[in-house]
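Residue-level structure breakdown
Take a look at the letters that make up each chain.
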Amino acid sequence: MNLKRIIGLILVIAGVILGVAKALGGETQSGDWTIRRSDIPGRVEFSLMDSRVGHQFHHSSDWPASDFSGLDFSKSGRQEVHFAIARDAGKFECEGFLQDGEGAGLFHFVADQKYPQEMKALGFERIDGDKQWAMAIHDVSLKFARDIKAENLQGLDTDKLIAFKIHGVTPEFISGIRSAGLNVLDCDKLIAFRIHGVSPEMVRSLKQAGYEPDADKLIAMRIHGATPEWVQQLKKQGYEHLDLDKLIAFRIHGVSPDFIGQLQKLGYPHPEPDQLIAMRIHGVTPDFITGLQSRGMKNLTVDQLVSLRIHGID
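Residues numbered from 1 in each chain as written. Predicted model: local features only at pLDDT ≥ 70, side-chain atom pairs only at ≥ 80, totals over all residues. Heavy atoms only, no water.

**Re the overall build of the chain**
Our working definition: Helix and strand definitions here come from DSSP, where helices need a minimum of 4 consecutive H or I residues and strands a minimum of 2 consecutive E residues; each element is numbered from the N-terminal end. Here the term buried applies to any residue with accessible area under 20% of the maximum for its type, exposed to any over 50%, and partly exposed to those in between, with areas from a 1.4 Å probe on protein chains only. To be clear on the numbers: accessible area is Shrake-Rupley with a 1.4 Å probe, and residue cover counts the displayed protein chains and nothing else.
A tally of helices and strands in the chain yields 15 helices and six strands. Sorting the 314 residues of the chain into buried and exposed places 39% on the buried side. When the accessible surface of the chain is split by element, carbon and sulfur atoms take 51% of a total near 17,500 Å².

Right, dumping it as structure tokens:
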């Protein structure tokens, strides 16, 4: 074999070795794990930590105990454990110990090399090593991806798919919202629904009360606490079927059923919604009204009360 062929063979071998090293580097990730008891029946608090130079990661959440095949969390005393958690995106191979159902150890994550290609075939691209790692942790399965894609949502991509798993936007949740009478197609709106607590039950309750809320109104209601239960309390005070913007403004400025009840006792049985908001904005409190009435000013209108406060008269 001549020198040229030998050098060529060396370069080929070096290239193969480098490719294998890069592949292994992309496929495996190691760190520490801990298991603690969870307050949720049938689950355990599972934490993964990776503190390599220039890369720090800590994820902790409640995982189904059934994911830890072969582990007996009810067993007392110390036990050495070896277990694997398989996801479509890859496998977590773990070893360590449990002491009375809690413990710690080391993990190695091995990415599934077929997963990015299979996800790409479904329309979910740009899955690098970090993203595949996250998709394994949050169990973004191929079935989940297929089921969500079938919902024909707007703005759906790989990042949204991960966010859906993190916040609990499932096909069942989407179906529930739609069956309640609201056809939401925007991914960001669905994520906001889950973050702020917009549920099918809330949509259905408002629909039954005669409202036609859109997604933004529902989110604003939840952010400010204008719940169906709170709306019912206002109804008992004589404020039935208020405009949704007024209900939100009531919550923002502190117009509560208790505030309305105190005004009624002071001789103001049913101020207009805008008057109630103005009273709260300008500080016309029950104590302020009581103080004026104790000085003989008993027949002031709401507008007069607000004017006194605007001009700084105590």
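Now that the structure is up, let's keep going.
**A word on the environment of Leu244**
For clarity, the cut-off: When checking whether two residues touch, look at their non-hydrogen atoms; a contact exists if any pair is within 4.5 Å.
One can find Leu244 in helix H11 (residues 244-253). With 31 residues separating them along the chain, Leu244 and Pro213 place their C-alpha atoms 7.8 Å apart. In this view, Leu244 contacts Tyr211, Pro213, Lys217 and Met221; residues no more than four positions away in its chain are not counted.

**Let's talk about unusual backbone geometry**
In the Ramachandran plot, Asp139 falls in the positive-phi region, its phi being about 55° despite a non-glycine side chain. Along the chain, Asp139 falls in the loop between helix H3 (129-137) and helix H4 (142-149). Accessibility expressed as a relative area gives 27% for Asp139, which makes it partly exposed.

**Topic: the packing of helix H7 (residues 187-196) against helix H9 (residues 215-224)**
Under the convention used in this document: Axis angles are defined between N-to-C directions and span 0 to 180 degrees, where every axis is a line fitted to C-alpha atoms and, for a helix, only to the segment in contact. Here the angle decides the label: under 35 degrees means roughly parallel, over 145 means roughly antiparallel, 65 to 115 means roughly perpendicular, and every other value means oblique. If you view the pair so one helix is near and one far, a crossing is left-handed when the near helix is turned anticlockwise from the far one by less than a right angle, and right-handed when it is turned clockwise. Polar here means any residue outside two lists: the nonpolar Ala, Val, Leu, Ile, Met, Phe, Trp, Tyr, Cys and Pro, and the charged Asp, Glu, Lys and Arg; Gly therefore counts as polar.
Contact geometry for H7 and H9: axes closest at 10 Å, N-to-C directions at 20°. Taken together, H7 and H9 sit at an angle that is classed as roughly parallel. In this structure, H7 crosses over H9, and the sense of that crossing is left-handed. In this structure, H7 contributes Lys189, Ala192, Phe193 and His196 to the contact, and H9 contributes Ala215, Asp216, Leu218, Ile219, Arg222 and Ile223. A class-by-class count of the residues in the contact of H7 with H9 yields six nonpolar, one polar and three charged.

**Section: helix H10 (residues 228-236)**
Quick reminder of the rule: Working note: the arc is built from the helix axis to C-beta atom directions.
All buried positions along H10 are accounted for by Pro228, Trp230, Val231 and Leu234. Along the axis of H10, the buried residues cluster in a sector spanning 155°; they form a single face. Away from the buried face of H10 by more than 90 degrees, exposed residues Glu229 and Lys236 are located. Its buried side turned inward, H10 meets helix H8 (200-208), H11 and helix H12 (257-265). Among the residues trailing H10, Gly238 stands out with phi positive, at a value near 100°.

**Quick look at H12**
Along H12, the residues that are buried comprise Pro257, Phe259, Ile260, Gly261 and Leu263. Where H12 is buried, its residues contact H10, helix H13 (273-282) and helix H14 (286-294). Following H12 by one or two positions, Gly267 adopts a phi angle in the positive range, close to 100°.

**Description of the side chain of Gln79**
Within the secondary structure, Gln79 sits in strand S4 (residues 78-87). Under the relative-accessibility criterion, Gln79 is labelled buried at 13%. Residues in contact with Gln79, not counting those within four places in the same chain, are Asp72, Gly96, Phe97 and Leu98.

**Describing the nonpolar core**
Using the following cut-off: To form a nonpolar core, buried Ala, Val, Leu, Ile, Met, Phe, Trp, Tyr and Cys residues must be joined to one another through side-chain atoms within 4.5 Å.
If you look at the biggest cluster of nonpolar residues, it comprises 87 residues, and the most contacted ones within it are Trp33, Phe92, Met119 and Phe193. Residues contacting Met119, with those up to four places away along its chain left out, are Phe124, Ile127, Met135, Leu142, Ala145 and Leu161.

**A short note on the confidence of the model for the chain**
What counts here: On a range of 0 to 100, pLDDT expresses the predictor's confidence in each residue.
Scored by pLDDT, the chain comes out at a mean of 89, with 89% of its residues at no less than 70. Every residue in residues 1-26 is under pLDDT 50, and counting partners more than four places away or in other chains gives two contacts.

**Some thoughts on the packing of aromatic side chains**
Here a ring pair, both rings aromatic, is described through the centre-centre distance and the interplanar angle of the planes. Basically, it comes down to this: Here a pair means two rings of Phe, Tyr or Trp (six-membered ring of Trp) with centres within 6.5 Å. Their orientation is stacked below 30 degrees between planes, edge-to-face above 60, and tilted elsewhere. By definition here, charges over rings are those cases where NZ of Lys or CZ of Arg is within 6 Å of the ring centre and within 35 degrees of the ring normal.
One pass over the full model with this rule turns up 14 aromatic pairs. Plain terms: the ring middles of Trp33 and Phe46 are 6.3 Å apart, the flat faces sit at 40° to each other, and that makes the pair tilted. Of this pair, Trp33 sits in strand S1 (residues 28-37) while Phe46 sits in strand S2 (residues 43-52), and the two are 13 residues apart along the sequence. Taking relative accessible area as the criterion, Phe46 reaches 0% and is therefore assigned buried. Measuring from ring centre to ring centre gives 5.4 Å for Phe109 and Trp133, while their planes differ by 70°; the resulting arrangement is edge-to-face. Linking Phe109 in strand S6 (residues 102-111) with Trp133 in helix H3, this pair joins segments that are 24 residues apart in sequence. Judged on exposure class, the residue Phe109 and its partner Trp133 are both buried. The rings of Trp33, Phe46, Phe57, Trp63, Phe68, Phe73, Phe83, Phe92, Phe107, Phe109 and Trp133 are connected pair by pair, giving a single aromatic cluster. The ring of Phe97 carries Arg78 above its face, with NZ or CZ at 4.1 Å from the centroid. Looking at Arg194, its charged tip hangs above the ring of Phe173, at a distance of 4.8 Å from the centre.

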